[in-house]
Amino acid sequence: MIALALAGCTGGPGGDSGAATGPTARTEAELVDMHAWSRGDPAVWPEPMADHFPSDGDCPEGGAYTEGASFEIRTGTCTHGWFQQPSLVDLVPGDVVEVVFWHGTLVADPPAQGHLAILVGDDLLYDKVVEIPGDPNAYTEQVDVDFAADAGVPVTLHLHNHGANDWNVLRVERQASE
């Protein structure tokens, strides 16, 4: 008789009382490792923004590398870059991801645009178009996630730009939630 009463309090063997427990708190975590970017390989995962690839675009060795804690892309050498790595953590709708990057003075003749995008799988996480020429600028932006992605899904960093400019990505990080 006592065992039945206790089982009734816990909601049965699964411990589900039927009460709403709310969303699980999310911890702050890096989505990617700045030291782990590798040049995109269409045999592994196709460039999700291939229609942005200029016919003369290229990113030879030395055009992108880790500089301190950031990933630097030098568009004088790397006119179109796409880099990939598996995501370190999962994402769920409602997560917030912080993207931190900067660029130096942007030069091009004639004027043009630079485009930095981050995709998780086939989902666009972040998209920024910058007018060139332009002054140096740093960005710390919060992105609301509206899709789900498991850890290990390819993350793509896409950058194309006209002119010899430097871009640095410092952080792509899932923010903590309550």
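### Re the sheet that holds strand 8 (residues 123-132)
Reasoning step 1: As summarised here, the arrangement of the five strands in space is 2-5-10-7-8, forming an open sheet in which the pairing is antiparallel. Single-partner strands in this sheet number two, and they are strand 2 (38-39) and strand 8.
Reasoning step 2: Relative to strand 8, strand 7 (residues 112-120) runs antiparallel, the two sharing nine bridges. Directly across from Ile118, in strand 8, lies its bridge partner Tyr126.

### Some thoughts on the side chain of Asn161
Reasoning step 1: Among the structural elements, Asn161 can be located in the loop between strand 10 (154-160) and strand 11 (166-174).
Reasoning step 2: At 2.9 Å, the side chain of Asn161 and the side chain of Thr75 are in polar contact.
Reasoning step 3: Reaching out from Asn161, the side chain makes a polar contact with the side chain of Trp167 at a distance of 3.0 Å.
Reasoning step 4: The residues contacting Asn161, other than those within four sequence positions of it, are Thr75, Thr79, Leu106, Gln113, Gly114, Ile132 and Trp167.

### Brief notes about the confidence of the model for the protein
Reasoning step 1: Residues with a pLDDT of 70 or more make up 76% of the protein, whose mean pLDDT is 82.
Reasoning step 2: Note on residues 1-22: pLDDT under 50 across the span, and six contacts to partners over four residues away in sequence or across chains.

### Some points on the packing of aromatic side chains
Reasoning step 1: For the structure shown, the criterion picks out five aromatic pairs.
Reasoning step 2: Here Phe71 and Phe83 contribute two aromatic rings whose centre-to-centre distance is 5.0 Å and whose plane-to-plane angle is 75°, an arrangement assigned as edge-to-face. A residue pair is termed long-range when its members are at least 10 positions apart, and Phe71 in strand 4 (residues 70-74) and Phe83 in strand 5 (residues 80-86) qualify at twelve residues. Grouping residues by exposure puts Phe71 and Phe83 together as buried.
Reasoning step 3: Where Phe101 meets Tyr139, the ring centres are 4.5 Å apart and the plane angle is 15°; that geometry is what we call stacked. Taken as a pair, Phe101 in strand 6 (residues 96-103) and Tyr139 in strand 9 (residues 137-144) lie far apart in primary sequence, 38 residues in all.
Reasoning step 4: Given a relative accessible area of 0%, Phe101 falls into the buried group.
Reasoning step 5: A relative accessible area of 10% means that Tyr139 is categorised as buried.

### Concerning the pairing of strand 4
Reasoning step 1: For strand 4, a buried count of four out of five residues is recorded, marking the element as mostly surrounded by other parts of the structure.
Reasoning step 2: In terms of strand pairing, strand 3 (residues 64-67) meets strand 4 through four bridges, oriented antiparallel. Bridge pairing in strand 4 links Ala64 to Ile73.
Reasoning step 3: In this structure, the hairpin formed by strand 3 and strand 4 is closed by a connection of two residues, where Gly68 is found at a positive phi of approximately 65°.
Reasoning step 4: Sheet topology note: the strand 4/strand 11 ladder contains four bridges and is antiparallel. Pairing of Glu72 across the sheet is with Asn168, part of strand 11.

Procedures and definitions
Residues numbered from 1 in each chain as written. Predicted model: local features only at pLDDT ≥ 70, side-chain atom pairs only at ≥ 80, totals over all residues. Heavy atoms only, no water. Pairing = 2+ DSSP bridges. Helix = DSSP H or I, 4+ residues; strand = E, 2+ residues; numbered from the N terminus. Polar contact = N/O pair within 3.5 Å; in protein donor to acceptor, adjacent residues only side chain to side chain. Contact = heavy atoms within 4.5 Å. pLDDT = per-residue confidence, 0-100. Phe/Tyr/Trp six-rings, centres within 6.5 Å; stacked < 30°, edge-to-face > 60°. Buried < 20%, exposed > 50% of the residue type's maximum accessible area, 1.4 Å probe, protein only.

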